[in-house]
Protein chains: 2
Amino acid sequence: MNPQPALVLTNGHLRDINAKTCHGLLRGSDRFTVLAVIDGKHAGSDAGSVLDGQERGIPVYESVESFFRSPPKEEPRVLVVGVAFPGGKLPDSARGDIGDALRRGLGVISGLHQLIGDDEEFSQLAQQHGVDLVDIRRPPSVSDLSFWNGSIYQAKAKRVAVLGTDCAIGKRTTCRFLLEACRTQGLATEMIYTGQTGWMQGYPHGLILDSLPNDFVSGELERAVVACDRELSPELILIEGQSALRNPSGPCGSELLLSTAAHGAILQHAPGRTFFVDQDPFDHRLPSAEKEVALILAYGVPVLAVTLHEEGMEPEALEGYRAHLEDKLGLPVVRPLVEGVGRILPTLRALL
Amino acid sequence: MNPQPALVLTNGHLRDINAKTCHGLLRGSDRFTVLAVIDGKHAGSDAGSVLDGQERGIPVYESVESFFRSPPKEEPRVLVVGVAFPGGKLPDSARGDIGDALRRGLGVISGLHQLIGDDEEFSQLAQQHGVDLVDIRRPPSVSDLSFWNGSIYQAKAKRVAVLGTDCAIGKRTTCRFLLEACRTQGLATEMIYTGQTGWMQGYPHGLILDSLPNDFVSGELERAVVACDRELSPELILIEGQSALRNPSGPCGSELLLSTAAHGAILQHAPGRTFFVDQDPFDHRLPSAEKEVALILAYGVPVLAVTLHEEGMEPEALEGYRAHLEDKLGLPVVRPLVEGVGRILPTLRALL
């Protein structure tokens, strides 16, 4: 895959979890090379500094037009909408930059539920300038989709699902850390993406789970795992989780455990987070790691490790919690952003 | 709702669980009056006798043409495709009857994933004869769909989900029995349908869960329950289950428990069934009722009763199992087809 030079639009959200697609792209993509981020609120900063304090040499511009004010070193080919707007719909304030990108001859790639390819203004502009509007959430036609058929039982690689106790809690990042750690240690490992960011990061196998007709989720998941197993013959396949088993706004996880016949699960948790994202008005609290581990076990899948998000806790308190939980569960409990995920590797090796 | 006189096509499957949409219609519908079933294999029988040995005065004809050979007492208005073909696709052997129905001026209603409205031959025929092709599984456009927003916490009615340990295990029938029993005893009760058969039976609130984009399942479920609560002010809302929590071909249930903030669950089980439907080649066995109850409890929802399907067990053995399970769980365990569901009513009353 030759990465395409890209601008990424976050429209004021660069620092929020809404921009997690952009965050994923900043952490690394085989599909795009990020030249700059477009975000009026953070213009002038380095995008990496805004994300996690680590400079990445990717500047933030106020607008597409301000990016082009001085001739760019490398010409961008596409604008990626790198933010999930609340409700899945494009706010008017983002239309200007998308229009300008099209007028500059850039294709536009979007993972919004509201399909930009169906927008009259944008389609006309795209046609005039000979570029593409790509909606990665446009569901494939039913005739191209697969039902679950049990072919998973022929797959040779071991499957491990990386679940979390909430959405936007770091499942994909932990999954990527695990992938890199396994490969570094010589384990032939692949990752199945299940969301739009994974697609944008350029993993070869996966699906955009949340825009599929519900009846085909299990079959498409199985198809992706089986294709990965056949084509790349890995020893281990990591499956990126979505949402959380208990999230009432869209519970997810049982299909990842059952339809892939997973051999194990890794659970990402944020002990410093009180409420499910956006659910504080309902006093809807995150489960404890122990309760979530019990739920995964009730599905018959062993939990191999717990990984912790640093959010909302002082390092010392978090370290105390970590040690306590490790003791209680008898499982590796690690802080990926602080210590990496190396301590989980022996457990993964034992599985193979 | 004025029921439409209908023919129901089962194409040789009248006796199989594939025809469960037809079975639901034979058991009762406010949307359609079934005049006859079209099924080459069972032509000449009474449809009710084929279903469960109870005559219902609904004849089975070999084909649409054979139905019209003698002038019908009542003119049918539509042909309902009353069977889920394996893989969701229409076999060639069913095309003749659909074409003939259209030529006779009948509309056609289908719940197949393969949309008959997109079939060139059928659309031409429908246009020529001025009738409609209705695909009830055609997903609404994203702009008409709702995300989950927590409005469920304002609903006043208690919610009870009727889950099962497998698909095609009698969840909807038990749900209908419960609805009738509650109403008979003066409990203002409504049912939320979640599949195509429920739509065809004419319940006013619900959704066709399996054809929705996955991200909108929870929101549409919440919307249906909240609308039912607001418009009809029932004391109790029953929610029809789909598939099963542990079915790898498409697990379902957590959204029914969590997104509706269910106050309780009733579990339909078939102790005489060994394997999940169509999963005997994988040796994939149904969980025990005890294990499934534990899984529902792990989601934080109390189980109120277990209901049993008679399949695959002698009445005496089943009765022994029933008494044993009732004792073990300390919950009402009933056989709806034999004794009705009256014994569950006190538990439901206690909830209100």
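Above this text you will find the structure in question.
Residues numbered from 1 in each chain as written. Chains lettered and ligands numbered in written order. Predicted model: local features only at pLDDT ≥ 70, side-chain atom pairs only at ≥ 80, totals over all residues. Heavy atoms only, no water.

Chemist: Help me understand the overall build of chain A, please; the structure alone is not making it clear to me.
Modeler: Helix and strand content of chain A: 13 helices and 13 strands. Over its C-alpha atoms, taken along the principal directions, chain A stretches across nearly 60 × 50 × 45 Å. Within the span of chain A, comprising 352 residues, buried residues form 60% of the whole. Residue pairs at least 24 apart in sequence account for 71% of intrachain contacts in chain A once pairs closer than 6 positions are excluded. Per element, the accessible surface of chain A, about 13800 Å² overall, is 47% carbon and sulfur. In chain A, the 33 positive side-chain charges and the 45 negative ones have mean positions that sit 3 Å from each other. (Helix = DSSP H or I, 4+ residues; strand = E, 2+ residues; numbered from the N terminus. Buried < 20%, exposed > 50% of the residue type's maximum accessible area, 1.4 Å probe, protein only. Contact = heavy atoms within 4.5 Å. Areas by Shrake-Rupley, 256 points an atom, 1.4 Å probe, with all protein chains shown as cover. Lys, Arg positive; Asp, Glu negative; His and termini not counted. Charge placed at Lys NZ, Arg CZ, Asp CG, Glu CD.)

Chemist: I would appreciate a short explanation of the pairing of strand 7 (residues 158–164) of chain B in the present structure.
Modeler: Two faces, one strand: in a regular strand the side chains alternate between the faces of the sheet. Residue and element names in this part refer to chain B. Counting buried positions over the seven residues of strand 7 gives six, a clear majority of the element. Bridge count for strand 7 against strand 10 (residues 236–240) is five bridges, and the pairing is parallel. The residue bridging Val160 from the neighbouring strand is Leu238, located in strand 10. (Pairing = 2+ DSSP bridges.)

Chemist: Could you clarify how one ought to interpret the interface of chain B and chain A in this entry?
Modeler: Where interface size is quoted, it is often the accessible area lost as the parts come together. Contacts between the two partners involve 39 residues from chain B, matched on the other side by 39 residues from chain A. Summing the contributions of chain B and of chain A, the shared interface buries around 3000 Å²; its carbon and sulfur component is 59%. Put simply, chain B and chain A have zero salt bridges between them. Where the side of chain B that touches chain A is concerned, the elements lending two or more residues are helix 8 (217–232), helix 9 (254–258) and helix 10 (289–298) of chain B. If one sorts the elements of the side of chain B that touches chain A by residue count, helix 9 of chain B sits on top with three residues. (Buried area = accessible area lost by both parts, 1.4 Å probe. Salt bridge = Lys/Arg side-chain N within 4 Å of Asp/Glu carboxyl O.)

Chemist: How should I be thinking about the relation of the copies chain B and chain A in this particular structure?
Modeler: The pair of chain copies shares a relation made of a rotation about an axis and a shift along it. In the superposition of chain B on chain A (RMSD 0.0 Å, axial shift 0.0 Å), the rotation amounts to 180°. Here the copies are linked by what is in effect a two-fold axis. The residues that chain B uses at the interface reappear at the interface of chain A in 100% of cases, marking a shared surface. (Least-squares fit on C-alpha atoms with pLDDT ≥ 70 in both.)

Chemist: I tried to follow the packing of aromatic side chains on my own but got confused; where do I start?
Modeler: The description of an aromatic ring pair uses the distance of the two centres, along with the angle that the planes make with each other. All names here are of chain A. If you walk through the whole model with that rule in mind, you get 13 aromatic pairs over all chains. Between Tyr61 and Phe67, the ring centres sit 5.3 Å apart and the planes meet at 85°, which makes this aromatic pair edge-to-face. The structure contains a cluster of three or more aromatic residues connected by ring pairs, namely Tyr61, Phe67 and Phe68. Against the face of Trp199 rests Arg31, its NZ or CZ located 3.9 Å from the ring centre. (Phe/Tyr/Trp six-rings, centres within 6.5 Å; stacked < 30°, edge-to-face > 60°. Lys NZ or Arg CZ within 6 Å of the ring centre and 35° of its normal.)

Chemist: I keep staring at the sheet that holds strand 4 (residues 78–81) of chain A and nothing clicks. Help me out?
Modeler: To summarise the sheet geometry, strands pair through backbone hydrogen bonds and adopt either a parallel or an antiparallel arrangement. Residue and element names in this part refer to chain A. Strand order in the open sheet made by the six strands is 3-2-1-4-5-6, with parallel pairing throughout. Across the chains shown, the open sheet's two edge strands, defined by having one partner strand only, are strand 3 (60–61) and strand 6 (133–135). Relative to strand 2 (residues 32–38), strand 1 (residues 4–9) is paired through six bridges, and the arrangement is parallel. When the bridges of strand 2 are listed, Leu7 appears paired with Ala36. Running over the sheet, helix 4 (residues 95–103) touches strand 1, strand 2, strand 4, strand 5 (107–110) and strand 6 and is turned about 160° from strand 4. (Axes fitted to C-alpha atoms, helices over the stretch in contact; angles between N-to-C directions.)

Chemist: What's the story with the sheet that holds strand 2 (residues 32–38) of chain B in this structure? I'm lost.
Modeler: Residue and element names in this part refer to chain B. Taken in spatial order, the six strands make up an open sheet running 3-2-1-4-5-6, and their pairing is parallel. Edge positions in the open sheet fall to strand 3 (60–61) and strand 6 (133–135), since each of these has one partner strand only. Strands strand 1 (4–9), strand 2 and strand 4 (78–81) of the sheet are contacted by helix 1 (residues 20–27), whose axis makes an angle of about 130° with strand 2.

Chemist: Explain the environment of Arg103 of chain A to me, please; I cannot follow it from the model alone.
Modeler: All names here are of chain A. Within the fold, Arg103 resides in helix 4. Arg103 gets classed as partly exposed once you look at its relative accessible area, which sits at 43%. With 49 residues separating them in the primary sequence, Arg103 and Gln54 have C-alpha atoms 33 Å apart. Leave out the neighbours within four places in its chain, and Arg103 touches Gly96, Leu125 and His129.

Chemist: How should the environment of Val293 of chain A be read in this particular structure?
Modeler: All names here are of chain A. Checked against the element boundaries, Val293 lands in helix 10 (residues 289–298). Relative accessible area serves as the criterion here: at 6%, Val293 is assigned to the buried category. For the pair Val293 and Leu51, spaced 242 residues apart in sequence, the C-alpha to C-alpha distance is 30 Å. Non-local contacts of Val293, meaning those with residues more than four positions away in its chain, are made with Leu267, Val303, Val306 and Leu329.

Chemist: Can you help me understand the packing of helix 10 of chain A against helix 11 (residues 315–329) of chain A in this one?
Modeler: Angle between the axes and distance between the axes: these two values describe a pair of packed helices. Residues and elements named next belong to chain A. Packing of helix 10 against helix 11 brings their axes to within 11 Å, and their N-to-C directions diverge by 35°. The element helix 10 and its partner helix 11 pack so that their crossing is right-handed. When helix 10 is examined against helix 11, the residues Ala289, Glu290 and Val293 are found in contact with a partner set consisting of Tyr321, Leu325, Lys328 and Leu329. Of the residues assigned to the contact of helix 10 with helix 11, the class counts are five nonpolar, no polar and two charged. (Left-handed = near helix turned anticlockwise from the far one by under 90°. Nonpolar A, V, L, I, M, F, W, Y, C, P; charged D, E, K, R; others polar.)

Chemist: Looking at this model, I keep getting lost on helix 5 (residues 120–128) of chain B. Mind explaining?
Modeler: Since there are 3.6 residues in each turn of an α-helix, residues three or four apart along the chain are aligned in direction. All names here are of chain B. All of the buried residues in helix 5 are Phe122, Leu125 and Ala126. Down the axis of helix 5, the smallest arc covering the buried residues is 100°, so these residues share one side. When the buried face of helix 5 is taken as reference, the exposed residues oriented beyond 90 degrees from it are Glu120, Gln127 and Gln128. The residue sitting at the N-terminus of helix 5 and contributing the capping side-chain oxygen is Asp119; that oxygen lies 3.1 Å from the backbone nitrogen of Glu121. Once helix 5 finishes, Gly130 follows within two positions and takes phi at roughly 60°, a positive value. (Arc of directions from axis to C-beta. Polar contact = N/O pair within 3.5 Å; in protein donor to acceptor, adjacent residues only side chain to side chain.)

Chemist: For this particular structure, what's the right way to read the pattern of salt bridges?
Modeler: A pair can form between side chains of opposite charge whenever their charged atoms are brought close. Taken as a whole, this structure holds 44 salt bridges over all chains when the rule is applied. Asp100 of chain A is paired through a salt bridge with Arg103 of chain A; the nearest N and O atoms lie 3.3 Å apart. With Asp100 of chain A and Arg103 of chain A both in helix 4 and three residues apart, the pair spans about one turn of that helix. Of the charged contacts in the structure, one is a salt bridge between Arg95 of chain B and Asp119 of chain B, with a shortest N-O distance of 2.8 Å. Placement of the pair is Arg95 of chain B in helix 4 (residues 95–103) and Asp119 of chain B in the loop between strand 5 (107–110) and helix 5, with a sequence separation of 24 residues. A single burial state applies to Arg95 of chain B and to Asp119 of chain B, both of which are buried. Three or more residues joined by partner-sharing salt bridges are found here, namely Glu310, Glu319, Arg322, Glu326, Arg335, Glu339 and Arg343 of chain A.

Chemist: What's the story with helix 1 of chain B in this structure? I'm lost.
Modeler: All names here are of chain B. Counted residue by residue, helix 1 has six buried out of eight residues, so it is predominantly covered. Inspection of helix 1 places Thr21, Cys22, His23, Gly24, Leu25 and Leu26 among the buried residues, and these make up the whole buried set. Within two residues after helix 1, Gly28 carries a phi angle of roughly 145°, on the positive side.

Chemist: Before we go on, may I ask you to explain the packing of helix 4 of chain A against helix 5 (residues 120–128) of chain A in this structure?
Modeler: Residue and element names in this part refer to chain A. Following both chains from N to C, one finds helix 4 and helix 5 inclined at 15°, their axes separated by 8 Å at the closest point. With respect to helix 5, the element helix 4 is oriented roughly parallel. In this structure, the crossing between helix 4 and helix 5 has a hand that is left-handed. Of helix 5, the residues touching helix 4 (which contributes Arg95, Ile98, Gly99, Leu102 and Arg103) are Glu121, Phe122, Leu125 and Ala126. Split by residue class, the contact of helix 4 with helix 5 holds five nonpolar, one polar and three charged. (Parallel < 35°, antiparallel > 145°, perpendicular 65-115°, else oblique.)

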